[in-house]
Amino acid sequence: PAPVPVPAAARPLPYEAIPRSGRNAWLSLYRLWRSNSFQRFHLVMQRNFQRLGPIYRETIGTYNCVNVLLPRDAAQLFQSEGIFPRRMGIESWIAHRQIRNHKCGIFLLNGEEWRSDRLILNKEVISPAGTRKFLPFLNAVAQDFVTLMHRRISKNTRRSLTIDLYGDLFRFTLEASSYALYGERLGLLEESPNAESQRFISAVETMLRTTLPLLFIPPGLMRWVNTKLWRDHIEAWDTIFKHADKCIQNIYQEFCLGQPRKYSGIMAELLMQAELPLDSIKANVTEFTAGGVDTTAMPLLFTLFELARNPSVQTAIRREIAEAESQGPRELSKVLNSMPLLKSALKETLRLYPVGITVQRYPTKDVVLQNYCVPAGTLCQVGLYAMGRSPEVFSNPERYDPLRWLSKEDNSFKALAFGFGARQCIGRRLAETEMMLFLMHVLRNFRIDTVSKADIKTVFGFILMPEKPPLLTFRPID
Ligand SMILES: C[C@@H](NS(C)(=O)=O)c1cncc(N2C(=O)c3ccc(Cl)cc3C2(C)C)c1
């Protein structure tokens, strides 16, 4: 019998038929560069989806990519990632490691090298057992932040404090992640935080800010032209590595003097296990140290702002915290697991303000996205910012409503702020725990208000951040 003809609708359309954002690759790069709209990349993507639909192809300079925003296309993409998932590399970061002869951490590794480091690190950094060990360290720092705020409020006449929390949040996240990593306090929440750590924090900011324009320029050209941008980038990296090296030296000396009996942080556990060579431990712990600052500080700032302009949500979460506390002293991880509304508030913040605005993969086999055939090896990315604000995916997307995550609705492949699968963010548990403990202590001690209720404009500086930090008011709860 003659083969049954496949109806045209079901047969996937060719790759070339995918709608395209720009005609000419170099013109697009020039336009982006001229209008400095790298910083508005997330908004450019959102507008492209509104113009072209749920899938489009982008060619900027040498960079060619297929963009999707619907959960089911994200699911398709992740199901073809293979056992060595891969993202777009950051050439300027790799170039720095080569110039300075440093090893790369898992963020920059791929294939077997990535997988062997990742499996060893998972045990101490993201596993429930590893998280339970560093959780008390994060709790101590969150309590110290509350003490710092009380001390400041008691100093001024009015029983409240209106402040730009930007700098304090960076000090909090660096203090917390450093304590969990090295088992030592930097003293950043004291009255006079030490200058060396401040230099490290601004080096991370400089490095992230200079990464963006370098993303699309081959480092060979950058090094040859040797612009100020490149020099600032390398100088920031050197400061970052020097700081991490000092912290690592401290704990390494202590470690050589004798095995510390009790848990003293992730780094000590990795040294004790001795499954990773020292230079691999250094490369990864340096990534965690630098990657643990801005990434966690920003969602805290956005959450406090949204709770300030949604007082009924703030009250509901405060009630949930009181409820969790009233069940008597329990292991901290159990207390955190009994605050689903607080955890959903963090999900809601990351929906509206995703720290990493996209998740990228190179599929290892041909994949069909929106009925188009996308060949293996094509760079694809899920536009998290556009997905989080798409009415096709979330009802009333502009509303800050944590309850949406607790409804019976099917939310699969909608909460992708930490990525997906074996290559998802390894700092996820550290970040989630740090943010939950911070918010639990802060909301139990203060009512948060904001000067202006208007939307915060966001800029993309490799991390999604506010164009202008909001002013927040803290009022002690007696
Ligand atoms: C913002 C988001 N971009 S992403 C991974 O989704 O494309 C992201 C998520 N988690 C961690 C990071 N990191 C940093 O910020 C950072 C700084 C310095 C170094 Cl040595 C390593 C890092 C990493 C990559 C860990 C960045």
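The rules behind the values
- Residues numbered from 1 in each chain as written.
- Predicted model: local features only at pLDDT ≥ 70, side-chain atom pairs only at ≥ 80, totals over all residues.
- Heavy atoms only, no water.
- Axes fitted to C-alpha atoms, helices over the stretch in contact; angles between N-to-C directions.
- Helix = DSSP H or I, 4+ residues; strand = E, 2+ residues; numbered from the N terminus.
- Parallel < 35°, antiparallel > 145°, perpendicular 65-115°, else oblique.
- Contact = heavy atoms within 4.5 Å.
- Nonpolar A, V, L, I, M, F, W, Y, C, P; charged D, E, K, R; others polar.
- Phe/Tyr/Trp six-rings, centres within 6.5 Å; stacked < 30°, edge-to-face > 60°.
- Buried < 20%, exposed > 50% of the residue type's maximum accessible area, 1.4 Å probe, protein only.
- Lys NZ or Arg CZ within 6 Å of the ring centre and 35° of its normal.
- 1 Å grid on protein atoms, 1.4 Å probe; cavity = no way out; pocket = protein on both sides within 12 Å on 5 of 7 lines; lining within 4 Å.
- Points joined across faces, edges and corners; volume = space filled by probe spheres on them.
- Patch = residues over 30% accessible without salt bridge, like charges linked within 9 Å, V, L, I, M, F, W, Y side chains within 5 Å.
- Areas by Shrake-Rupley, 256 points an atom, 1.4 Å probe, with all protein chains shown as cover.
- Salt bridge = Lys/Arg side-chain N within 4 Å of Asp/Glu carboxyl O.
- Core = buried A, V, L, I, M, F, W, Y, C linked by side-chain atoms within 4.5 Å.
- Lys, Arg positive; Asp, Glu negative; His and termini not counted.
- Pairing = 2+ DSSP bridges.

### Things to note about the packing of helix α13 (residues 294-309) against helix α14 (residues 311-326)
So, step 1. For the pair α13 and α14, interaxial distance at closest approach is 5 Å and the crossing angle is 110 degrees. Judged by the inter-axis angle, α13 sits roughly perpendicular to α14. Contact residues: α13 offers Leu 307, Ala 308 and Arg 309, while α14 offers Pro 311, Val 313, Gln 314 and Ile 317.
So, step 2. Here the contact of α13 with α14 is built from residues that sort into 5 nonpolar, 1 polar and 1 charged.

### Observations regarding the packing of aromatic side chains
So, step 1. A complete count under the given rule lists 18 aromatic pairs for this structure.
So, step 2. For the pair Phe 172 and Phe 438, a centre-to-centre distance of 4.8 Å together with 50 degrees between the ring planes defines the contact as tilted. You can see Phe 172 sitting in helix α7 (residues 166-182) and its partner Phe 438 sitting in helix α18 (residues 428-445), a full 266 residues away along the chain.
So, step 3. Residue class for Phe 438 comes out buried when judged on its relative accessible area of 0%.
So, step 4. Ring geometry for Phe 446 versus Phe 474: centroids 5.6 Å apart, planes at 75 degrees, classification edge-to-face. One end of the pair, Phe 446, is in strand β8 (residues 446-450); the other, Phe 474, is in strand β11 (residues 471-476), with 28 residues separating them in the sequence.
So, step 5. Residue Phe 474 is classed as buried on the basis of its relative accessible area, which comes to 0%.
So, step 6. Feature note: the residues Trp 93, Phe 107, Trp 237, Phe 241 and Phe 462 constitute an aromatic cluster, connected by ring pairs.
So, step 7. Stacked on the ring of Tyr 179, the Lys or Arg Arg 185 has its end atom at 5.2 Å from the ring centre.
So, step 8. Taking NZ or CZ as reference, Arg 351 lies 5.2 Å from the ring centre of Phe 394, over its face.

### Considerations on the layout of surface pockets
So, step 1. Of the volumes computed, that of the largest pocket is approximately 390 Å³.
So, step 2. What lines the largest pocket is a set of 19 residues, and nearest its centre among them are Ser 28, Arg 31, Leu 32, Val 44 and Arg 47.
So, step 3. Contributing elements (two or more residues each) for the lining of the largest pocket: α1 (25-34), α2 (41-52) and β1 (55-60).
So, step 4. Here the lining of the largest pocket takes 6 residues from α2, the largest share from any one element.
So, step 5. Its residues assigned to classes, the lining of the largest pocket comprises 6 nonpolar, 7 polar and 6 charged.

### Examining a nonpolar patch on the surface
So, step 1. A cluster of nonpolar residues, Leu 221, Trp 224 and Val 225, forms a patch on the protein surface that exposes about 370 Å² of accessible area.
So, step 2. Relative to the helices and strands, Leu 221 is located in helix α9 (residues 219-225).
So, step 3. For Leu 221, a relative accessible area of 44% gives the class partly exposed.

### Here's the deal with the nonpolar core
So, step 1. In this structure, Leu 165 and Phe 474 are the most contacted members of the largest nonpolar core, which totals 152 residues.
So, step 2. Among the elements that make up this core, the one with the highest residue count is helix α6 (residues 128-155) (11 residues).
So, step 3. Each residue touching Phe 474, except ones within four places of it in the same chain, is listed here: Met 149, Ile 153, Ser 160, Leu 161, Ile 163, Leu 165, Leu 304, Val 442, Phe 446, Arg 447 and Ile 448.
So, step 4. The next biggest cluster of nonpolar side chains, apart from the first, holds 6 residues, and it includes Ala 95, Ile 217, Trp 230 and Ile 234.

### Side note on the pattern of salt bridges
When their charged atoms lie close together, side chains carrying opposite charge are able to pair.
So, step 1. Evaluated as defined, the whole model comprises 26 salt bridges.
So, step 2. Here Asp 168 and Arg 152 are joined by a salt bridge, their closest N and O atoms 3.0 Å apart. You can see Asp 168 sitting in helix α7 and its partner Arg 152 sitting in helix α6, a full 16 residues away along the chain.
So, step 3. Using a relative accessible area of 23% as the deciding quantity, one classes Arg 152 as partly exposed.
So, step 4. As a salt-bridge pair, Glu 175 and Arg 185 come within 2.7 Å of each other at their nearest N and O atoms. Within this pair, whereas Glu 175 is found in helix α7, its partner Arg 185 is found in the loop between α7 and α8 (195-214), the two being separated by 10 residues in sequence.
So, step 5. Linked through salt bridges whose partners overlap, the residues forming this network are Lys 343, Arg 428, Arg 429 and Glu 432.

### A closer look at the side chain of Glu 287
So, step 1. The residue Glu 287 is located in helix α12 (residues 278-291) in this model.
So, step 2. The side chain of Glu 287 is buried and forms no salt bridge, while Arg 97, the nearest opposite charge, is found at 4.9 Å.
So, step 3. Setting aside residues up to four positions removed in sequence, Glu 287 forms contacts with Gly 105, Ile 106, Phe 107 and Leu 108.

### Observations concerning the sheet that holds β1
So, step 1. An order of β1-β2-β7-β4 is seen for the 4 strands of this open sheet, with the pairing classed as mixed. The open sheet has two edge strands, β1 and β4 (358-361), and neither has a second partner. Geometrically, the sheet is characterised by an average inter-axis angle of 30 degrees between neighbouring strands, direction not taken into account.
So, step 2. In this structure, β1 lies alongside strand β2 (residues 63-68), joined through 6 bridges in antiparallel fashion. Residue pairing for β2: Glu 58 is matched across the bridge by Cys 65.
So, step 3. The strands touched by α2 are β1, β2, β4 and β7 (380-383); relative to β1, the strand with the most contacts, the crossing angle is about 135 degrees.

These values are about where atoms sit, not about what they do.
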